[in-house]
Amino acid sequence: WDDMREAEAFQAQREGNMQAGEAATAARRTKRQKRKEGKETAKKLRKEAEGVNKFAADGSFLETMKQMDPSELEAVAKGTKQKRDAQPVVSAKQMRSEDNIKIRDVE
């Protein structure tokens, strides 16, 4: 009779450990998937940002600008102006709109 109870307790513990292991495996699987998606997103963002910042981050911006030809400088300025014009203009009235204000109660 005691052997039967011990076997049932052991089997219940075994099943509990299996379920916990499966849950941990599923959590790791989702974490790996998120990490993989994050890498893909970062790669995509890096590719989009390649043309945005053409200057090195070593403090040599002024020297680079002094060495540029005036015609090349004007071409760069026109390119940035075209990109800036492509962005939508949002007026102060649109920003002040009641649709933009959300009040959340913190409990």
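Residues numbered from 1 in each chain as written. Predicted model: local features only at pLDDT ≥ 70, side-chain atom pairs only at ≥ 80, totals over all residues. Heavy atoms only, no water.

Our next topic: the overall build of the protein chain. Each helix and strand counted, the protein chain has four helices and zero strands in total. Along its sequence from the N terminus, the protein chain presents helices and strands in the succession α-α-α-α. In the protein chain, which comprises 107 residues, the share counted as buried stands at 1%. (Helix = DSSP H or I, 4+ residues; strand = E, 2+ residues; numbered from the N terminus. Buried < 20%, exposed > 50% of the residue type's maximum accessible area, 1.4 Å probe, protein only.)

The grouping of Arg28, Arg29, Lys31, Arg32, Arg35 and Lys39 at the surface amounts to a positive patch. Counting through the fold element by element, Arg32 comes out in helix H1 (residues 2-49). (Patch = residues over 30% accessible without salt bridge, like charges linked within 9 Å, V, L, I, M, F, W, Y side chains within 5 Å. Areas by Shrake-Rupley, 256 points an atom, 1.4 Å probe, with all protein chains shown as cover. Salt bridge = Lys/Arg side-chain N within 4 Å of Asp/Glu carboxyl O. Lys, Arg positive; Asp, Glu negative; His and termini not counted. Charge placed at Lys NZ, Arg CZ, Asp CG, Glu CD.)

A few words now on the pattern of salt bridges. The final tally for this structure, using the stated rule, is one salt bridge. Arg5 is paired through a salt bridge with Glu8; the nearest N and O atoms lie 3.2 Å apart. With Arg5 and Glu8 both in helix H1, this residue pair falls three residues apart, about one helical turn. Look at Arg5 and you get partly exposed, because its relative accessible area is 42%. The exposure class assigned to Glu8 is partly exposed, which follows from its relative accessible area of 39%.

Turning next to the confidence of the model for the protein chain. With 80% of its residues at a pLDDT of 70 or more, the protein chain has an overall mean of 81. Within the protein chain, the element-level pLDDT minimum falls on helix H3 (residues 70-86), averaging 70, and the maximum on H1, averaging 92. (pLDDT = per-residue confidence, 0-100.)

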